[in-house]
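Single-letter residue listing:
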Amino acid sequence: MSLKVLVIHGPNLNLLGSREEDIYGSTDLDSINKELEKQAKEKGVQLETYQSNHEGEIVDKIGEAQKKFDVLILNPAAYTHTSIAIRDAILAIQTPVIEVHLSNIYQREEFRHKSMISPVSQGQICGFGPNSYYLALEAACATQQLKGEGQ
Ligand code: DQA
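Throughout what follows, the structure given in this document is the object of discussion.

Basis of the calculations
- Residues numbered from 1 in each chain as written.
- Predicted model: local features only at pLDDT ≥ 70, side-chain atom pairs only at ≥ 80, totals over all residues.
- Heavy atoms only, no water.
- Near = heavy atom within 4 Å.
- Polar contact = N/O pair within 3.5 Å; in protein donor to acceptor, adjacent residues only side chain to side chain.
- Areas by Shrake-Rupley, 256 points an atom, 1.4 Å probe, with all protein chains shown as cover.
- Nonpolar A, V, L, I, M, F, W, Y, C, P; charged D, E, K, R; others polar.
- Helix = DSSP H or I, 4+ residues; strand = E, 2+ residues; numbered from the N terminus.
- Contact = heavy atoms within 4.5 Å.
- Buried < 20%, exposed > 50% of the residue type's maximum accessible area, 1.4 Å probe, protein only.
- Pairing = 2+ DSSP bridges.
- Axes fitted to C-alpha atoms, helices over the stretch in contact; angles between N-to-C directions.

## Concerning the site of the ligand
At step 1: Surveying the vicinity of the ligand reveals the residues Arg19, Tyr24, Asn75, Ala77, Ala78, His81, His101, Leu102, Ser103, Ile105, Arg108 and Arg112.
At step 2: Within the contact set of the ligand, an oxygen atom lies 2.8 Å away from a backbone nitrogen or oxygen of Leu102.
At step 3: Contacts to the ligand include Arg112, whose side-chain N or O atom sits 2.9 Å from an oxygen atom.
At step 4: If the ligand stood free it would expose 320 Å²; the protein chains cover 99% of that surface.
At step 5: A class-by-class count of the residues in the shell around the ligand yields five nonpolar, four polar and three charged.

## A short note on the environment of Asn104
At step 1: Among the structural elements, Asn104 can be located in the loop between strand 4 (97–101) and strand 5 (123–126).
At step 2: Here the alpha-carbon distance between Asn104 and Gly129, two residues 25 residues apart in the chain, equals 8.7 Å.
At step 3: Beyond its immediate stretch of four places on either side in the chain, Asn104 contacts Cys126 and Gly127.
At step 4: A polar side-chain atom of Asn104 sits 3.0 Å from the main-chain amide nitrogen of Tyr106.

## So, the pairing of strand 1 (residues 4–9)
At step 1: Along strand 1, five of the six residues are buried, which leaves the element largely enclosed by surrounding structure.
At step 2: Pairing of strand 1 with strand 3 (residues 71–75), which is carried by five bridges, proceeds in the parallel orientation. By the bridge assignment, Leu6 is partnered in strand 3 with Leu72.

## As for the sheet that holds strand 5
At step 1: Spatially, the five strands line up as an open sheet ordered 2-1-3-4-5, and their pairing is parallel. Each edge of the sheet is formed by a strand with only one pairing partner; in this case those strands are strand 2 (46–51) and strand 5. For this sheet, the mean angle separating the axes of adjacent strands, direction not counted, is 20°.
At step 2: The pairing of strand 3 with strand 4 spans three bridges and is classified as parallel. Of the residues in strand 4, the one forming a bridge with Leu72 is Val97.
At step 3: Sitting on the sheet, helix 2 (residues 29–43) touches strand 1 and strand 2, and the angle it makes with strand 2 is about 165°.

Note that all results are geometric; they support no functional claim without further evidence.
Quick look at the structure:
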């Protein structure tokens, strides 16, 4: 059975490519999703991508993920730093979550240094631009492999 991965992009990530290019680069979300799909196909992974600017919609999507996906890759964007609701949604499911950020949040303003999400995530990848997502996909595959080997 192939690994099923859901990628969730949080608020304002639909504006990638034109949004604060000095921080987030010039690659738009569509290109990131296409590259993720390409790499997923090569790895035999079933991948779905989703973007929302709304906290409640992200909470709903996480709640529904339990039955449908093995791993969740989540860039909660600004909700990283504020959302107890998204943190609780992650706690409510058994599906592992890999937290992703394009930028290195620890090099930026102090309010971005705190993630509500990382204490309830399997791990966090940040600071590698779009590669943060592709590395997360690698991590998702590695995790599943370890599970398959009973570790
Ligand atoms: C971000 C970092 C957050 O602090 C910010 O609010 C974002 C994007 C990132 O991918 O670097 O919207 O999650």
